[in-house]
Every structure is written in structure tokens, then in C-alpha cells.
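# A look at the structure
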Amino acid sequence: MKMNMQFRGIFAATAALAAIAISGGVANADILTFTAFAMPGQGFQEPEVPISTQGFSFTAAPGSGNRVFIWNMADPHNADPGGATLGNDSNGNQTIMTKVDGGLFSVQSIDIADLINQVFFPCCAVPPVFAVLDFVGTRADSTTVSATFTTDTLPGLETFNLPTDFTNLQSFAWAPRSVFGLGAYPFAQVDNIVVTAVPEPASIVLFISVLAGFIFFRRAQTEPERVDSRSLCAGPASIFTK
């Protein structure tokens, strides 16, 4: 009975430590939004990069400008009314996303719209327009994965589910491009980026160490006690001693 109680106590402790190890390294899917930058009224902002939200940093590729574009909450061009989206500030410039702490992550999906949200914008574009976006994910070993998405010509955001190989990324980047002859508009706005953190190696090692320690202890407690055969002979032999 005492052994069972010890076993239960150690099992509970092991389970708790394992949960800590796992939760510390594997986060649930998170949705990145740009609501923190939302401003009332109409018009737009052009903040300098980098900007950061929810543990991620956003900047522009070298040579493609040092600003991003954010519509204000009540502007009809905002594809997320009452909130905020993130757009490129110059023709076809690339936006790059990384974790602030330098960790790895995976991207599942992203919501996209053309920058004017199918609403006439003087000097720039007349609806209907669409955007062609090129996505690139870069891993720690410098290998890359890529995908392309073309928006429709309807107002509002639409979701692009990225290929399943956009995992273990060190950075995630996108850029709208012109498609001559088709009227593609090289400006886009994005929102609701669904990401998942990658387990940290230290957390995995902790989990394995705790599990190995538990197995070792359990074997030590359940292994039968060995009896030295020489000691068994020593007792009866003393009877025949003179």
C-alpha cells in the first residue's frame, strides 16, 4: 500500500513536470492582428518599421522602404472595419515577419485584401482590382518554402491557407506584385495571421529527463530484492560447528 502511494505521488509529480515542459515549449495557435495600431476616424498612418505586436516584429525588406501602411478604423478602404490591417507602403515592397525573441514558428493562414478594398482611391487605382502576393518562409538552415495567392475582386478580407510546409520558420515574408496586362495591383493589406510557436529544445530535454527519471525510479522500486546465497548457507552451517 505504501509503495502504491509513493508510485501515485511520483506519477502525479512527473505528469505535472511534463505538462510544464510541454506548455513552456509548445504554444497554442495564436492569431496576430493589428488592432493595437488602430486609430479612430478616416485616413491612414504610415509608421516607420519595425513595428511589433503579440511577440512578433514586422519590417520592410532592405531597399523597399522603411514604412508600412495602416488604414484608420472608419476608413472605407479598411478591410477590417473597426480594427486595423497591415499594408505595404510602396509599390510591391516586401514585409518580413519574425519573432521578437528569435524563436521559430509555423504559419497556418493569413487574411488578405487589395489595399483599397475595392473602393476608389484618387491617383492610385480604380476597382475592380486584385493583388498577387508571393509568400516566402525561411528556416534556420536558410532553406525556403514559397507560395502564391491571388485575391478576388470583392471587398473584405479572404483567407489564404498556406501549404503545410510553412513550419519551423525563422521568418515569414510577403510582397504583392504587378501582373502586366491583367491589372494586378501591387498593394495589399493583411490581417489575422494564424501562427504556432515551435517547441524550444530546452523544454523537450526537460520532458525527456523527467520521463527517464520516473522510469528509472519505477524499475528500482519494483525490482525484487536479491538474496546472497552465501548468507543462506552460513546460518545452517553453524549448527554443525563443534
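As shown above, the structure is provided for reference.
The present account deals with the structure reproduced in this document. (Residues numbered from 1 in each chain as written. Predicted model: local features only at pLDDT ≥ 70, side-chain atom pairs only at ≥ 80, totals over all residues. Heavy atoms only, no water.)

### A closer look at the overall build of the chain
In terms of regular secondary structure, the chain is built from three helices and 13 strands. Here the chain, with 242 residues, has 38% of them falling under the buried criterion. Considering only contacts in the chain between residues 6 or more positions apart, those separated by 24 or more positions represent 72%. If you sum the accessible surface of the chain, you get close to 13400 Å²; carbon and sulfur atoms cover 62% of it. (Helix = DSSP H or I, 4+ residues; strand = E, 2+ residues; numbered from the N terminus. Buried < 20%, exposed > 50% of the residue type's maximum accessible area, 1.4 Å probe, protein only. Contact = heavy atoms within 4.5 Å. Areas by Shrake-Rupley, 256 points an atom, 1.4 Å probe, with all protein chains shown as cover.)

### With respect to the pattern of salt bridges
Counted according to the given criterion, the structure contains three salt bridges. Salt-bridge contacts for Asp101 lead to Lys99; the nearest nitrogen and oxygen are separated by 3.7 Å. Classification of Asp101 by relative accessible area gives exposed; the value is 57%. Note on Lys99: relative accessible area 19%, which makes it buried. Linking Arg177 and Asp134 is a salt bridge whose minimum nitrogen-to-oxygen distance equals 2.5 Å. Here the residue Arg177 occupies a position in strand β12 (residues 169-177), and Asp134 occupies one in strand β9 (residues 132-139), the gap between them amounting to 43 residues. Judged by its relative accessible area of 23%, Asp134 is partly exposed. (Salt bridge = Lys/Arg side-chain N within 4 Å of Asp/Glu carboxyl O.)

### Points about the nonpolar core
Ranked by size, the top nonpolar core spans 34 residues in total, and within it Phe58, Met97, Phe135, Phe172, Trp174 and Ile193 carry the most contacts. With residues near it in sequence (within four places) discarded, Met97 still touches Leu32, Phe56, Ser57, Phe58, Phe105, Val107, Gln170, Ser171, Phe172, Trp174, Ile193 and Val195. Listed in part, the nine residues of the second largest apolar core include Leu115, Phe121, Ala125 and Phe187. (Core = buried A, V, L, I, M, F, W, Y, C linked by side-chain atoms within 4.5 Å.)

### Comments concerning the pairing of strand β5 (residues 68-71)
Going residue by residue along β5, you find Val68 and Ile70 tucked away on one face and Phe69 and Trp71 tucked away on the opposite face as well. Pairing of strand β2 (residues 44-45) with β5, which is carried by two bridges, proceeds in the antiparallel orientation. In the strand pairing of β5, Phe44 is matched with Trp71. Inspection of the sheet shows β5 paired to strand β6 (residues 86-88) by two bridges, in the antiparallel sense. The residue of β6 that forms the bridge with Val68 is Asn88. (Pairing = 2+ DSSP bridges.)

### Some points on the side chain of Glu158
Along the chain, Glu158 turns up in strand β11 (residues 158-161). No salt bridge forms around the buried Glu158; measuring N to O, its nearest opposite-charge neighbour Arg177 is 15 Å away. With near-sequence residues (within four places) excluded, Glu158 lies in contact with Ile110, Asp111, Ile112, Phe149, Thr151 and Asp152. (Lys, Arg positive; Asp, Glu negative; His and termini not counted.)

### Considerations on unusual backbone geometry
Cis rather than trans, the peptide bond between Val49 and Pro50 has omega equal to 5°. Here Pro50 lies in the loop between β2 and β3 (51-53). Cis peptide bonds are those with omega within 30 degrees of zero, and the linkage from Pro127 to Pro128 qualifies with 0°. Along the chain, the position of Pro128 falls in the loop between β8 (105-114) and β9. The backbone phi angle of Gln54 is positive, close to 55°, even though this residue is not glycine. By secondary structure assignment, the location of Gln54 is in the loop between β3 and β4 (56-60). Of the residues examined, Gln54 reaches a relative accessible area of 35% and is grouped as partly exposed.

Purely spatial values, then, with no claim about function.
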